[in-house]
Amino acid sequence: MAAQGVYVYGVVRASHPVPPGHPGVGADPAPVRTLRAGELAAVVSNAPPGLRAKRRDLLAHQDLALALAADGPVLPMRFGMIAPDEASVRGQLTASGRAYLTALDRLDGRIEMNLKAMPVQAGLPALVRENPEVARARAAARRSPGYEASVRLGEAVARGLSGRAAAASAAVVAELSAVAVERVRGPEVPGCVLNVSFLLDRCAEDRFRTVVERFAAAHGSHVELRLTGPLPCYSFVDPAPGTPRRNPVPSGA
């Protein structure tokens, strides 16, 4: 089957090496290569037909972005960025060259770390002592037990758990912001009270992790913290006008 356009993994400086033999996306991945234009290059492969957002391909895309970042800054594209042909990719590099070079300078030597926070579903006696709304709902449920009282108590408990987790999350974000260069809120995630990404100097990673681990140990009764990274700096890259379109790639197993 013929290739359907050019799949774009990211933008790098023209001198940036591409990891040899690194697989791209697709069931039968085409070789990964660069398309150069002046001081910049796009890391690409032929777009496979029928591409779906399967775990295998999502990981291949991210693993290549991480491998590229090990040798210097990269502007990673989100999964599913496909250009119609090589000329359009080179044209975009030329048209947005200044913006891309500025962004590469900003990301040089830096990584992204993502932090999610979830309420701890335990500690009702402590929550009753700390939260007047929960205490009132519990007392009402004991005085007049029934379905509606149980529902009101459950809703009050859920709000209380989320509230104390959110308060703890705000405190850890303040501490981590002193270590990081930038931060940006991510989209809402079901079950989470916080989804935030941090941009930090690579040399600050150990210190960043230490802050998270210390805070998690001290506040483990209120909030569960999940730290992911280093990640490609997706959250800190603003697509330039005319960036190759992101296909509505369907999900798949």
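Below or above, wherever it landed, is the structure these notes cover.

Parameters and conventions
- Residues numbered from 1 in each chain as written.
- Predicted model: local features only at pLDDT ≥ 70, side-chain atom pairs only at ≥ 80, totals over all residues.
- Heavy atoms only, no water.
- Helix = DSSP H or I, 4+ residues; strand = E, 2+ residues; numbered from the N terminus.
- Rg over C-alpha atoms; globule rule 2.2 N^0.38 Å.
- Buried < 20%, exposed > 50% of the residue type's maximum accessible area, 1.4 Å probe, protein only.
- Contact = heavy atoms within 4.5 Å.
- Areas by Shrake-Rupley, 256 points an atom, 1.4 Å probe, with all protein chains shown as cover.
- Arc of directions from axis to C-beta.

So, on to the overall build of the chain. If you tally the helices and strands in the chain, you get 7 helices and 9 strands. In terms of overall size, the chain is more extended than a compact globule, its C-alpha atoms giving a radius of gyration of 23 Å where 253 residues would be expected to give roughly 18 Å. Taking the principal axes of the C-alpha coordinates as reference, the chain spans close to 75 × 40 × 30 Å. Looking at the 253 residues of the chain, the share that counts as buried comes to 44%. Long-range contacts, defined as pairs at least 24 residues apart, comprise 78% of the intrachain contacts of the chain with a sequence gap of at least 6. For the chain, the computed accessible surface area is about 13100 Å², with 54% contributed by carbon and sulfur atoms.

Let's shift gears to helix 3 (residues 97-107). Inspection of helix 3 places Gly 97, Tyr 100, Ala 103, Leu 104 and Leu 107 among the buried residues, and these make up the whole buried set. In an axial view of helix 3, the angular spread of the buried residues amounts to 130°, which keeps them on one side of the axis. In helix 3, those exposed residues whose orientation departs by more than 90 degrees from the buried face are Arg 98 and Asp 105. Looking at the buried side of helix 3, the elements it contacts are strand 1 (6-13), strand 3 (40-46), strand 4 (75-76), helix 2 (86-95), strand 6 (110-119) and strand 8 (194-201).

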